[in-house]
Each structure stands twice: as C-alpha cells, then as structure tokens.
Amino acid sequence: MGLEAALPVDGFLTTQLRHVINWSRRNSLWPMPFATACCGIELMATACSRYDLARFGAEVMRFSPRQADLLIVAGRISIKTLPVLQRIYEQMTEPKWVISMGACASTGGVFDTYAVVQGCDQFIPVDVYIPGCPPRPEQLIEGVMAIQRIIDQEGIPPMNGGKRQPLGLVMQPTHVTKPQPVGVTVGG
Amino acid sequence: MATTPSLDHPMFKLVKDAFPGKTFRGTEFRGESTLIVEPGDLHSVLKFLKTNAACDYNFLSDIAGIDYLNYPAKTLGRFALVYNLICLARNERFFVKTSIDPSLPTDGIVNDPALVVDSVCDLWPGAEWMEREVFDMLGIRFKGHPDLRRILLWEDYPGHPLRKDYPVRGRGERESYRVVDRTSA
C-alpha cells in the first residue's frame, strides 16, 4: 500500500536534497502555542478532530521552544508577557516562523490600554498575520499553508545582511461580511 | 426611581452603641447596607464586626479601592476603600466604606503619608493580597501589612494605573521594549 507499492522492488528516486529537506520541513511544522486568550481556544479547535491540523503535519504542539519551529502568538500580549514572548522566540532554533493570530496579537485589538502591547510585531518579527476576533480555524490553516508555501519556495525567510526580514503576509478573511445588522430568522 | 435608603440594618445600631461619640454614616441600596466610617476608626470597627458574637463577620470577601476623581456627584473624598464582609453562619453581606484624601500630587508614585490606612491582615489573613492589589493599583498604603509589595505590576512600575489621573494608554510603558530581530535571536 502507498508509495512503496508504486515503486519497483529495488527502485530509487532522484531529486534535489533541498527539495527533500523542504518537503520534510513543510510537513512537520511543530508549533509553539503561545495562547494567552480566546484565540487559543480556536487554536485548540484547529488542532482537534473537526479541523485536524495533523493533515498539515502541524499537530505536534511543543511547549518547549527548543523543540518548536512555528511560534503561534494567539491572544493579547500584556506588558508583563512580552519579555517572556521575546525570550521564547530567542530560544527557538532556526529556521523558525511566527504567526500573529488574531486582532490582539497583531494590533492590540480593542485593548487600547497601558497594559497591552499594541501588536507583537513591534518587538518580534512576524511572518503571517491572521485577522479575526478570533479567526476561524480555516483561517489559521490558511496561515499555516502560507508558511508551507514559503518553505516550498525557498526554505527559510529572506535575509537582509543577516537581519531577518519578516514575511509580513496577511491572510484575507475567509467569510463574506453581510450588511449589518443581519435580520434574525426564527425556525427558518 | 429614587428611593430613600432604609437604614434598619441591625449592624448600624450595634456599631453605634459600641462606639459612642463616633460619627458614622450609613446607606443602603437594594437590600445591601453600607457603613461609612472615618479612616481612623476603620480597624476598630472591622475588629468589632468580626469578633462580636452578634456580628460575626468571619469572612472578608473583598477589598475594593475607588478613585472618585472627576466623579459627577459630590463624594466624601478622593479615594475610597470598600470592605466586603460576609457572615458565613447567617449568609449575610455587609459593606464598610471609608474615604481618604491625598496630600501630595497623585500622578506619580510618591509615598503620600495621607494615603495610609490600618491593615486588617491581623483580623483576616486573606486580606494580604487584596491590600497588595489596592496598593498596586491605587497607591494606598496599609500600615501593619506584613509584606506590602506590588502584586500585579513589577516593583519599579512608574505609576498606579487605576488612579483616574493615570492616562489609560499609559506613559509609554507598553512601547519601551527592545526589538528582537534575526541578529539578536
């Protein structure tokens, strides 16, 4: 069954080593879930059976940053949490990617107060921004797939003289906004 | 619809009789009665409410600090403290409130000798963290507290954020971090 059935008995494939490495990397993104708010609940839903992040090889949540290569910032970052987040980012090994999930992680959201950092991208490099409050699991999967496409193309994020350039991709919302307020239908 | 507070809570009379010559005020809202005391009498009144057998408020549910700066109505003072007492035997709630005024500017973290009340940690040990929170957020100090440090913010935070003269967006605390990029990671 599977791939080996299609191969000759003592067959072999030729490919480029870079393609093999990228292929394995893109299918084994191990996320570090930095879930501080309700986006973390959607992150858990994404990893659960209905949406099943395992289909994309990213289901192995690692609570040690040294074993993770995808930092998912899910939720608001308070002024006391930001140094922790920076330290976690620094402890992750290269190559590493960062997803800023939801309005609070990207901009501070509705929490425009002294205690909430107005966007974690001011202080750590962010590769993919996912809008939403919170984003739906489909949208988080879109973000993971965007990182997979980047890995397919060139492996690690572009560099500028040793300085990492964040990819800065923004996922588009996956739903259509209806005119507000939406009429309520009962029993229909 | 404004109704007249009914000051028939039995604790009003008990406290009044136990402390002759002291001034107390009382108020009531939707069945919950509040006794307003002078800051100097706070500890003795709370001790009476806890230890007297007829009062028996053996559980301190909460200590809330209030800043009344720019409050639309007339208030007794700039800051207020509300002690939320519960008698577990009678399942009854009672509030004790006091107000204090600062003597120094309140926009920093100066140690204002006027913003001090007696700690009630000797009566309810659980008051320790509540008083630390009030100190952290409003800068009101508690005399006799065993370990009065900030509880939520860090030690040298340059403000008491729940004071109304502290800007809601802070004074740049949320922007003052180093930037981590590829070279530093």
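Caption draft 1: Quick look at the interface of chain B and chain A. Between chain B and chain A, the residue contacts involve 23 residues of the former and 24 residues of the latter. The junction of chain B with chain A conceals about 2100 Å² of combined surface from both sides, 56% of it contributed by carbon and sulfur atoms. A salt bridge links Arg174(B) to Asp112(A); its shortest N-O distance comes to 2.9 Å. Where chain B meets chain A, there are 9 residue pairs in polar contact (both at pLDDT 80 or more). For the side of chain B that touches chain A, the class distribution of residues is 13 nonpolar, 3 polar and 7 charged.

Caption draft 2: Summary view of the pattern of salt bridges. All names here are of chain B. The full count for this structure, using the stated rule, is 14 salt bridges over all chains. With a shortest N-O distance of 3.5 Å, Arg78 and Asp165 are connected by a salt bridge. Highlighted residues: Arg78 in the loop between strand 3 (59–67) and strand 4 (79–87) and Asp165 in the segment after strand 7 (141–143), separated in sequence by 87 residues. When the shortest N-O distance is used, the salt bridge between Glu92 and Arg90 registers 3.3 Å. Classification of Glu92 by relative accessible area gives partly exposed; the value is 24%. Looking at Arg90, the relative accessible area reads 34%, which means it is partly exposed.

Conventions we followed
- Residues numbered from 1 in each chain as written.
- Chains lettered and ligands numbered in written order.
- Predicted model: local features only at pLDDT ≥ 70, side-chain atom pairs only at ≥ 80, totals over all residues.
- Heavy atoms only, no water.
- Contact = heavy atoms within 4.5 Å.
- Buried area = accessible area lost by both parts, 1.4 Å probe.
- Salt bridge = Lys/Arg side-chain N within 4 Å of Asp/Glu carboxyl O.
- Polar contact = N/O pair within 3.5 Å; in protein donor to acceptor, adjacent residues only side chain to side chain.
- Nonpolar A, V, L, I, M, F, W, Y, C, P; charged D, E, K, R; others polar.
- Helix = DSSP H or I, 4+ residues; strand = E, 2+ residues; numbered from the N terminus.
- Buried < 20%, exposed > 50% of the residue type's maximum accessible area, 1.4 Å probe, protein only.

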